[in-house]
Amino acid sequence: MKEGPSAFLITVLCAGIAILYIPMIVLIAYSFNASALVSVWGGFTTAWYATLLHNDQMLDAAWLSLKIGIVASTCAVVLGTLAAIALVRFRTFHGRFLLTSMVNAPLVMPEIITGITQLLLFVAMFNLLGWPHRGFTTIVLSHVAFCTAYVTITVQSRLASADRSYEEAAMDLGASPVRAFMDTTLPLISPALASSWLLSFTLSLDDLVISSFVSGPGASTLPMVIFSKAKLGISPDVNALASLIIGIVGICVIAAGVLMRRTERQRLADAQLASD
Amino acid sequence: MFLLVFFLIPFGFALMISFAQTAIHVPPYTSIVSISPDSRIDLSLHLGNYKYLFTDEVYAIAYLYSLKTAFFSTLICLVLGFPMAYAISRTSKSTQNVLLLLIILPFWTSFLLRVYALEGIIRENGLINSALLWLGLIDQPLKIMRTSLAVYLGIIYSYLPFMVLPLFATLEKLDHSLLEAAADLGSRPWRAFVDVTLPLAMPGIIAGSMLVFIPAVGEFVIPTLLGGPDNLMIGRVLWDEFFGNRDWPVASAVAIVFLVLLVGPIALYQHYQAKELE
């Protein structure tokens, strides 16, 4: 029988969670501050959100980030799933070691190094092939590269626990290997695909360092714009933007959490039913 | 057909990434050097960059400072994160889910925005100083921004979830009957903790520490936004060399040395770990 945590543990836990949340709460509170002086409370306003809507630079950057995020995470899910299948289904093959280390490399590598090496690659490629131009394409390519690593690991663990006998049964019934995979295993691993897509999307949306390196003139993602503003200090419209993003992400994560718990419960119930 | 599709595509992709990483290892790739006007010849100048690294002590200082900062922030994260993870692992299943969600939520929100939010708190006229002044504990605002303290706070604040989650994963699996056995055999709680809990939690401690330490060493955003001019971390030096001085060869040299010094040992370590598991 587990005993509950002691008072000391609860205190540390609360303190830790407070540390994590106080800055964000303060930020959100100040985004409604009517005074442009960030230190003085001048009453409640939503004016900063309105200015945000008229800030073309920010809107363009946000739109660019969204586009990059969607394209990059979709590609990453496809490639990462293929890599995961290769790793789980074929125990030994030529280049397995290479593939595993390539999958893990972006996870242990500091972003700044990934950024600089990828830029050098893109520049070299451009000199040789005349492609890609630095900007949208290069940012997407580099995001796909590091997101794929996360996708592979998420999908790999799910795939390893997925029951293969369904697929074998489908093949016994005459389905082609691809068809069997599509109809049985793919639905089984779809929650992992969804969550890894979301993870990739957030990672891509959030990335500053790699994007800054590989981006070209004229292509500024949202984090790049925020960063250049934040370097100059606190400004109220960035507060508003930040609160907006935190709010959206918060709602999405909570919704995803609730949804996942529900499907998990459903899965457990199904498993129960199946075993009875 | 199956083999073909699922072998070749990932393999080709891996090849592509491997290119990205070897891009600056391989001397022929220093054709990139021609972009930078001050160094036109390949190999000799390339070594010159490394020599420059060792003669100019800015780099050594930055490396050491990065390692030191990352080490101590990892330690503080561990000290703070361990009780948190332990407490979560002791609560009931439904509370656990809520608490975990609370820990994960900041992880999904933008990293940059969280650092920015922290700036709002520790600024000279931010929340901490206002509160302390109001309470009469201090006469004039504390200077936290642009100091090492701010960098530490930033790293701890940003990476704490990375420490808590792997710790929780191992602590959750901990068999409490072992602790009871230790207690039955007359062990005090503290002693039981050191002898039983700590060794069993080791994988989580190592995983968490790596997850905090590695990004912390290469951290660029936090020292730039929160730190002062003295807080030279290697990520920042690299960035300045690259964007400020436009000296790509030297920046690449910094990156390579960094990679060899830091990532090399870690990769080796993980390799051995994986071998041991097999």
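Residues numbered from 1 in each chain as written. Chains lettered and ligands numbered in written order. Predicted model: local features only at pLDDT ≥ 70, side-chain atom pairs only at ≥ 80, totals over all residues. Heavy atoms only, no water.

Draft legend 1. Geometry of the overall build of chain A. For chain A, the helix and strand inventory stands at 11 helices and zero strands. Beginning at the N terminus, the succession of helices and strands in chain A can be written as α-α-α-α-α-α-α-α-α-α-α. Across the 276 residues in chain A, those meeting the buried criterion constitute 49%. Contacts spanning at least 24 positions in sequence make up 69% of the contacts within chain A whose residues lie at least 6 apart. With an accessible surface of roughly 13,400 Å², chain A has 69% of that area assigned to carbon and sulfur atoms. (Helix = DSSP H or I, 4+ residues; strand = E, 2+ residues; numbered from the N terminus. Buried < 20%, exposed > 50% of the residue type's maximum accessible area, 1.4 Å probe, protein only. Contact = heavy atoms within 4.5 Å. Areas by Shrake-Rupley, 256 points an atom, 1.4 Å probe, with all protein chains shown as cover.)

Draft legend 2. Representation of the overall build of chain B. A tally of helices and strands in chain B yields 12 helices and zero strands. Secondary structure elements of chain B occur, N-terminal to C-terminal, as α-α-α-α-α-α-α-α-α-α-α-α. Taken across its 278 residues, chain B has 51% of its residues classed as buried. Of all intrachain contacts in chain B linking residues separated by at least 6 positions in sequence, the fraction that spans at least 24 positions is 70%.

Draft legend 3. Broad picture of the packing of helix 4 (residues 93–108) of chain B against helix 7 (residues 148–172) of chain B. Residues and elements named next belong to chain B. The N-to-C vectors of helix 4 and helix 7 enclose an angle of 155°; their axes lie 9 Å apart at closest approach. When the axis of helix 4 is compared with that of helix 7, the two are roughly antiparallel. The interaxial crossing formed by helix 4 with helix 7 has left-handed handedness. Along its contact with helix 4, which presents Lys93, Gln96, Leu100, Ile103, Ile104 and Phe107, the element helix 7 presents Pro161, Phe162, Val164, Leu165, Phe168 and Glu172. In the contact of helix 4 with helix 7, the residues fall into nine nonpolar, one polar and two charged. (Axes fitted to C-alpha atoms, helices over the stretch in contact; angles between N-to-C directions. Parallel < 35°, antiparallel > 145°, perpendicular 65-115°, else oblique. Left-handed = near helix turned anticlockwise from the far one by under 90°. Nonpolar A, V, L, I, M, F, W, Y, C, P; charged D, E, K, R; others polar.)

Draft legend 4. Representation of the packing of aromatic side chains. Using the criterion set out here, one finds 13 aromatic pairs over all chains in the structure. Plain terms: the ring middles of A:Trp197 and A:Phe201 are 5.2 Å apart, the flat faces sit at 10° to each other, and that makes the pair stacked. Of this pair, A:Trp197 and A:Phe201 both sit in helix 8 (residues 177–206), four residues apart, roughly one helical turn. Consider the rings of B:Tyr159 and B:Phe162, whose centres lie 5.6 Å apart with planes at 55°: the pair is tilted. You can see B:Tyr159 and its partner B:Phe162 sitting in helix 7, three residues apart, about one turn around the helix. (Phe/Tyr/Trp six-rings, centres within 6.5 Å; stacked < 30°, edge-to-face > 60°.)

Draft legend 5. How the structure looks around the side chain of B:Thr91. Looking at the secondary structure, you find B:Thr91 in the loop between helix 3 (57–90) and helix 4. There is a polar contact of 2.7 Å between the side chain of B:Thr91 and the backbone oxygen of B:Ile88. (Polar contact = N/O pair within 3.5 Å; in protein donor to acceptor, adjacent residues only side chain to side chain.)

Draft legend 6. A look at helix 11 (residues 234–244) of chain B. A large share of helix 11 of chain B lies buried, amounting to eight of its 11 residues. For helix 11 of chain B, the complete set of buried residues consists of B:Ile234, B:Gly235, B:Arg236, B:Val237, B:Leu238, B:Trp239, B:Glu241 and B:Phe242.

Draft legend 7. Seen up close, the pattern of salt bridges. Residues and elements named next belong to chain B. If you walk through the whole model with that rule in mind, you get three salt bridges over all chains. A salt bridge links Glu172 to Lys93; its shortest N-O distance comes to 3.1 Å. Residue Glu172 is found in helix 7, and its partner Lys93 is found in helix 4; the two are separated by 79 residues along the sequence. You can call Glu172 partly exposed: its relative accessible area is 32%. With a shortest N-O distance of 3.0 Å, Arg191 and Asp195 are connected by a salt bridge. Placement of the pair is Arg191 and Asp195 together in helix 9 (residues 189–217), with a separation of four residues, close to one helical turn. (Salt bridge = Lys/Arg side-chain N within 4 Å of Asp/Glu carboxyl O.)

Draft legend 8. Layout of the nonpolar core. Of all hydrophobic cores here, the largest spans 125 residues; its most connected members are A:Ile112, B:Met84, B:Ile88, B:Val221, B:Ile222, B:Leu226 and B:Phe258. Element by element, the count of residues in this core is highest for helix 3 of chain B, at 13 residues. Among the domains, domain 1 (65–233) and domain 2 (238–276) of chain A are the pair contributing at least three residues each to this core. Among the nonpolar cores identified, the runner-up in size contains 15 residues, and A:Ala76, A:Val151, A:Ala162 and A:Ile210 belong to it. (Core = buried A, V, L, I, M, F, W, Y, C linked by side-chain atoms within 4.5 Å. Domains from an automatic or database assignment.)

Draft legend 9. Up close: empty space enclosed by the protein. This model, assessed by the stated rule, comprises four cavities of 30 Å³ or more. Reported here for the second largest cavity is a volume of approximately 70 Å³. In terms of residue class, the lining of the second largest cavity is built from seven nonpolar, two polar and one charged. (1 Å grid on protein atoms, 1.4 Å probe; cavity = no way out; pocket = protein on both sides within 12 Å on 5 of 7 lines; lining within 4 Å. Points joined across faces, edges and corners; volume = space filled by probe spheres on them.)

Draft legend 10. Just the packing of helix 1 (residues 7–31) of chain A against helix 5 (residues 111–122) of chain B, in detail. Interaxial distance between helix 1 of chain A and helix 5 of chain B falls to 8 Å at its minimum, and their mutual angle equals 80°. With respect to helix 5 of chain B, the axis of helix 1 of chain A lies roughly perpendicular. Touching A:Ile22, A:Pro23, A:Met24, A:Val26 and A:Leu27 of helix 1 of chain A are B:Arg114, B:Tyr116, B:Ala117, B:Leu118 and B:Ile121, all from helix 5 of chain B. Class assignment for the residues of the contact of helix 1 of chain A with helix 5 of chain B results in nine nonpolar, no polar and one charged.

Draft legend 11. Summary view of helix 3 of chain B. The terminal C-alpha atoms of helix 3 of chain B lie 49 Å apart, and with 34 residues this matches the ideal 50 Å at 1.5 Å per residue to within 8%. Along helix 3 of chain B, the sharpest kink reaches roughly 30°, centred on B:Gly81 and followed within four residues by the proline B:Pro83. (Expected span 1.5 Å × (residues − 1). Bend = angle between axes of the 7 residues up to and from the residue.)

Draft legend 12. Fine view of a nonpolar patch on the surface. Taken together, the side chains of B:Phe71, B:Phe72, B:Leu75 and B:Ile76 make up a nonpolar region of the molecular surface, amounting to roughly 350 Å² of accessible area. Checked against the element boundaries, B:Ile76 lands in helix 3. (Patch = residues over 30% accessible without salt bridge, like charges linked within 9 Å, V, L, I, M, F, W, Y side chains within 5 Å.)

Draft legend 13. Representation of the confidence of the model for chain B in the model. Residue and element names in this part refer to chain B. For chain B, per-residue confidence averages 75 on the pLDDT scale, and residues scoring 70 or more make up 74% of the total. Within the model, the stretch residues 1–6 combines pLDDT values under 50 with 11 contacts to residues more than four positions away or in other chains. Between residues 20–45, whose pLDDT stays under 50, and residues either more than four places distant or in other chains, the model counts 35 contacts. (pLDDT = per-residue confidence, 0-100.)

Draft legend 14. Layout of the environment of B:Gly204. Residues and elements named next belong to chain B. Its place among the elements puts Gly204 in helix 9. Classification of Gly204 by relative accessible area gives buried; the value is 2%. Along the chain, Gly204 and Met163 lie 41 residues apart, while their C-alpha atoms are 8.4 Å from each other. In this structure, Gly204 is in contact with Pro166, Leu167 and Thr170, ignoring residues within four places of it in sequence.

Draft legend 15. Region of the structure containing the side chain of A:Ser31. All names here are of chain A. Inspection of the secondary structure assignment puts Ser31 in helix 1. Judged by relative accessible area, Ser31 falls into the buried class, the value being 0%. A polar contact of 3.1 Å, which involves the side chain of Ser31, links it to the side chain of Ser243. Setting aside residues no more than four positions away along its own chain, Ser31 makes contact with Thr45, Trp48, Tyr49, Asn239, Ala240 and Ser243.

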